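Next come the chains, spelled out residue by residue.
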Amino acid sequence: MDVAVGGLTVGEAAANVGLSAHTLRWYEQEGLVSPVDRDAAGRRRYSTEDLDWLRLLICLRGTGMQVRDMRRYAELVRAGSSTVEERLRRFEEHRDRVLARSAELHRDLDAINFKIQIYRNMEGNCDAGTAAG
């Protein structure tokens, strides 16, 4: 699909970034997406820049950023370069939260892997004719 020629429809843009059209429209209603250009018939047409923005929002949401924080970030971007310092601070704070959550997940994964190893060992013992609880 060539985005440069006329842009993508709501359905095409949603499919391109992995959202449903309903979710994409919700992002717009929530103020996460700036108004998208429209064609002569009034239909939304998404540009490459719009798709890049949506991918960033998906990344932020996927890393646990709250919608209110995403909305504030979008407002800061629209406000222009005078907000760069606050945007940087917000991203650094979010990164710290993501790193903390990642560390928690690694600890949890270690516990799961430990239990898997125990059960594999037990399974091996059961296969050898020993009954274990």
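Keep in mind that this is a model prediction, so the values were computed, not measured.

Attention now goes to the nonpolar core. Formed by 22 residues in total, the largest nonpolar core has its most connected members in Val 33, Tyr 46, Leu 54 and Leu 57. The set of elements that each furnish at least two residues to this core consists of helix H1 (10–17), helix H2 (21–29), helix H3 (48–62) and helix H4 (67–79). At five residues, H3 tops the list of elements feeding residues into this core.

Looking at where Glu 28 falls in the secondary structure, it is placed in helix H2. For Glu 28, the contacting residues outside a window of four places in its chain are Val 33, Val 36, Arg 44 and Tyr 46.

On to H4. Between its terminal C-alpha atoms H4 stretches 18 Å, which fits the 18 Å expected from 13 residues at 1.5 Å a residue. All of the buried residues along H4 are Val 67, Met 70, Tyr 73, Ala 74 and Leu 76.

This part is about the packing of H1 against H3. At a minimum axis distance of 10 Å, the contact between H1 and H3 shows a crossing angle of 50°. Taken together, H1 and H3 sit at an angle that is classed as oblique. Every pair of crossing elements has a handedness; the one defined by H1 and H3 is right-handed. In this structure, H1 uses Ala 13, Asn 16 and Val 17 to contact H3, whose residues at the interface are Leu 51, Leu 54, Arg 55 and Ile 58. The residue inventory of the contact of H1 with H3, partitioned by class, reads five nonpolar, one polar and one charged.

Attention now moves to the environment of Ala 21. Here Ala 21 lies in helix H2. Beyond its immediate chain neighbours, meaning those up to four positions away, Ala 21 contacts Val 10 and Ala 14.

Let us look at the packing of aromatic side chains. Evaluated as defined, the whole model comprises three aromatic pairs. The structure contains a cluster of three or more aromatic residues connected by ring pairs, namely Trp 53, Tyr 73 and Phe 91.

Rules behind the numbers
- In this numbering scheme, every chain counts its residues from 1 along its sequence in written order.
- Residue-level local features of this predicted model are given only where pLDDT is at least 70; pairs of side-chain atoms are given and counted only at 80 or more, and the full residue set underlies all totals for whole chains, interfaces and linings.
- Values shown for side chains rest on all heavy atoms present in the structure; no hydrogens or waters enter the calculation.
- For our purposes a nonpolar core is just a set of buried Ala, Val, Leu, Ile, Met, Phe, Trp, Tyr and Cys residues, chained together by side-chain atoms within 4.5 Å.
- Note on classification: 1.4 Å probe, protein chains only; a residue is buried when its accessible area is under 20% of the maximum for its type, exposed when over 50%, partly exposed between these limits.
- Per the convention used, a helix needs a DSSP run of H or I reaching at least four residues, while a strand needs a run of E reaching at least two, with both numbered from the N terminus.
- Every residue pair with non-hydrogen atoms within 4.5 Å of one another is taken to be in contact.
- Any helix carries an expected span of 1.5 Å times its number of residues minus one.
- Axes here mean lines fitted to C-alpha atoms, for a helix over just the part in contact, with angles spanning 0 to 180 degrees between N-to-C directions.
- Any angle that falls under 35 degrees is termed roughly parallel, while one over 145 is termed roughly antiparallel, one within 65 to 115 roughly perpendicular, and all others oblique.
- When the near helix sits turned anticlockwise from the far one by under a right angle, the crossing is termed left-handed; a clockwise turn instead gives a right-handed crossing.
- Note that Gly is not counted as nonpolar here; it falls among the polar residues with everything else outside the nonpolar set of Ala, Val, Leu, Ile, Met, Phe, Trp, Tyr, Cys and Pro and the charged set of Asp, Glu, Lys and Arg.
- Between the rings of Phe, Tyr and Trp (Trp by its six-membered ring), a pair exists once the centres lie within 6.5 Å; its type follows the angle of the planes, with under 30 degrees stacked, over 60 edge-to-face, and the other angles tilted.

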